[in-house]
Amino acid sequence: MNAIDTIDRITNTNLIFSDLKYCMVDKNKKPYKINGEMAKPNCIDDFVPFEDLFLCTDLDSYAGIGVSIQASQICAIDVDHCFSVANDISSATEIAKSILNKFDKIAYCEFSFSGTGLRILFRQPIIENYIDKYYIKNKNYGIEFYQPTDSYRYVTVTGNVIANNYIQMFDDNLTNITFEFLNTYMLRQHKKKNETVAEKIENRSFEDLMKIVKFKYLTNVKFQDVWYSQAPGSGKDESERDFYLLSYLYENITQDKDLIKQIFESSPYFKSKDYKHICKWNNQNFRYYNYIYNIIKK
Amino acid sequence: MAIEKSLYSQLDDLLKQTDLTDVSAESTNYSELPDGYYNCEVDKTDLKLSKTSGNPMVSFQFTITEDGYSVEVDEKQNATLIPIKKTKNRKIFINYVLKNDTSVKRFVTDMLKFEGETPGESLLPKEAFTTSEVLEDALDLLIGQRIYVQVSTTVNKDDTKSTWNNLISWKRAAALELPM
């Protein structure tokens, strides 16, 4: 299967009437502009209307087609591994059946790139403060939800149709169906915070807190492993390790934002980060840290 | 009569002092190793099939070469290592069941923690873990090697306890300020 096959299938779907913005993708699902350069997910001009895909001179060298959430102003639901047999609707899991029952009359639904996942596309008003209440990715169910708010995501499309509905803008009634879905599968579990250990108003110094950190890494195998681990670099699980360490410090050492940052930056793990990831950390006045801290705090 | 009186009296005192709460027909004199760090030497290694899963398994038997260290907090809140008495010469067993890619990687990661004469360099190369034939030879080379084992206990959701034995690389041991 390559991009030509995908384009061929898409021409028979309502996707082509849905004003979407596309890119090419390789076998690793990396995005490319039609001129062969890498596409930047945060650059909406790198994604083009469907008809412009034909300007690409080597369509057959790409594995498929992608759609920008932001440039297309759409929402997307991804459900992983919900068909035991690729592209076979009768092999759907109970979760896939339940989600399809909600959306197969109102949204565009198709099999994913692998054939074992489900993708649903539609439009609806932005859900404000989404992240306060819901997960973007709920690993427990293998479900992701994207809306066009600063996420700058793109998703692959296959044209392997399950429900060929036009990608319409949901009204209030239809948006309520989305909320039913979100409340069932994406509701964020709020963790109980260890109030006795981590104090909201911090009177202890960095040195005091490092004594507790030392006790923790001497006695907690997982924390020790990540604290002393070599940052793996791009394409691995560096963000997950960042999140684990920062949330562990928040829950077990202190809730003070500056001190957590100082402790994290003193870890052997942080010191082993490559240049690219140090830049990511420092970028835009620690935007990445601010983002993670706000999630941990909730 | 006096002897008998002394016998019964002493025995009564002893029996009164003894707490039999946890004693049953299945009791043993074995006590679990406390959580802590233990400097160990590899006694023997064995490559065999796991009796429970039927998967290949590498078994290690270690002898603790000196009393282990537990982690305690002193009056100044500093985490300090305190010797755990009477743990020298106790045994530690670790089994690596090799059932998939992940478990093999975990096993090889641990094997690379054994160092040779050059500090910071693994005693064995990764290539020693590419076929069963060279693996057996590699395991023989580990006999007599020393390494720290961290023993830790976690409490499960059903209140039962699980004990974990993890090898600590010498680089990590130095960072943790374990006696070298």
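The structure under discussion appears in the preceding block.
The rules we used
Residues numbered from 1 in each chain as written. Chains lettered and ligands numbered in written order. Predicted model: local features only at pLDDT ≥ 70, side-chain atom pairs only at ≥ 80, totals over all residues. Heavy atoms only, no water. Phe/Tyr/Trp six-rings, centres within 6.5 Å; stacked < 30°, edge-to-face > 60°. Helix = DSSP H or I, 4+ residues; strand = E, 2+ residues; numbered from the N terminus. Buried < 20%, exposed > 50% of the residue type's maximum accessible area, 1.4 Å probe, protein only. Lys NZ or Arg CZ within 6 Å of the ring centre and 35° of its normal. Polar contact = N/O pair within 3.5 Å; in protein donor to acceptor, adjacent residues only side chain to side chain. Contact = heavy atoms within 4.5 Å. Salt bridge = Lys/Arg side-chain N within 4 Å of Asp/Glu carboxyl O.

Undergrad: What is the right way to look at the packing of aromatic side chains in this model?
TA: The geometry of an aromatic ring pair is captured by the separation of the ring centres together with the interplanar angle, meaning the angle of the planes. All names here are of chain A. The full count for this structure, using the stated rule, is 33 aromatic pairs over all chains. Look at Tyr22 and Phe50: their rings are 5.4 Å apart centre to centre, the planes differ by 65 degrees, and that puts the pair in the edge-to-face class. With Tyr22 in strand S1 (residues 22-25) and Phe50 in the loop between strand S2 (31-32) and strand S3 (64-68), this pair connects stretches of sequence that are 28 residues apart. Side by side, Tyr22 and Phe50 carry an identical accessibility label, which is buried. In textbook terms, an aromatic cluster arises when at least three aromatic residues are bridged by ring pairs, as seen for Phe103, Phe122, Tyr130, Tyr134, Tyr141, Phe145, Phe170, Phe179, Phe181 and Tyr185. Positioned over the ring face of Phe286 is Lys261, at 3.9 Å from the centre of the ring. Positioned above the aromatic ring of Tyr288, the side-chain terminus of Lys280 is 4.3 Å from the ring centre.

Undergrad: Would you mind going over the side chain of His277(A) with me for this structure?
TA: All names here are of chain A. In this structure, His277 sits in helix H11 (residues 275-297). On the basis of relative accessibility, which here comes to 10%, the residue His277 falls in the buried class. Within polar-contact distance, the side chain of His277 engages the side chain of Asp274 at 2.7 Å. Once residues within four sequence positions are removed from consideration, His277 is found in contact with Gly233, Ser234 and Glu238.

Undergrad: Is there a simple way to explain the pattern of salt bridges in this structure?
TA: Note that side chains of opposite charge can pair when their charged atoms are close. Residues and elements named next belong to chain A. Tallied over the entire structure, the rule returns 18 salt bridges over all chains. Between Lys105 and Asp104 there is a salt bridge, with its nearest N and O atoms 3.5 Å apart. The class for Asp104 is partly exposed, based on a relative accessible area of 24%. Salt-bridge contacts for Arg204 lead to Glu202; the nearest nitrogen and oxygen are separated by 2.8 Å. Judged on exposure class, the residue Arg204 and its partner Glu202 are both buried. Taken together, the shared-partner salt bridges in this structure form one network comprising Lys33, Glu37 and Asp46.

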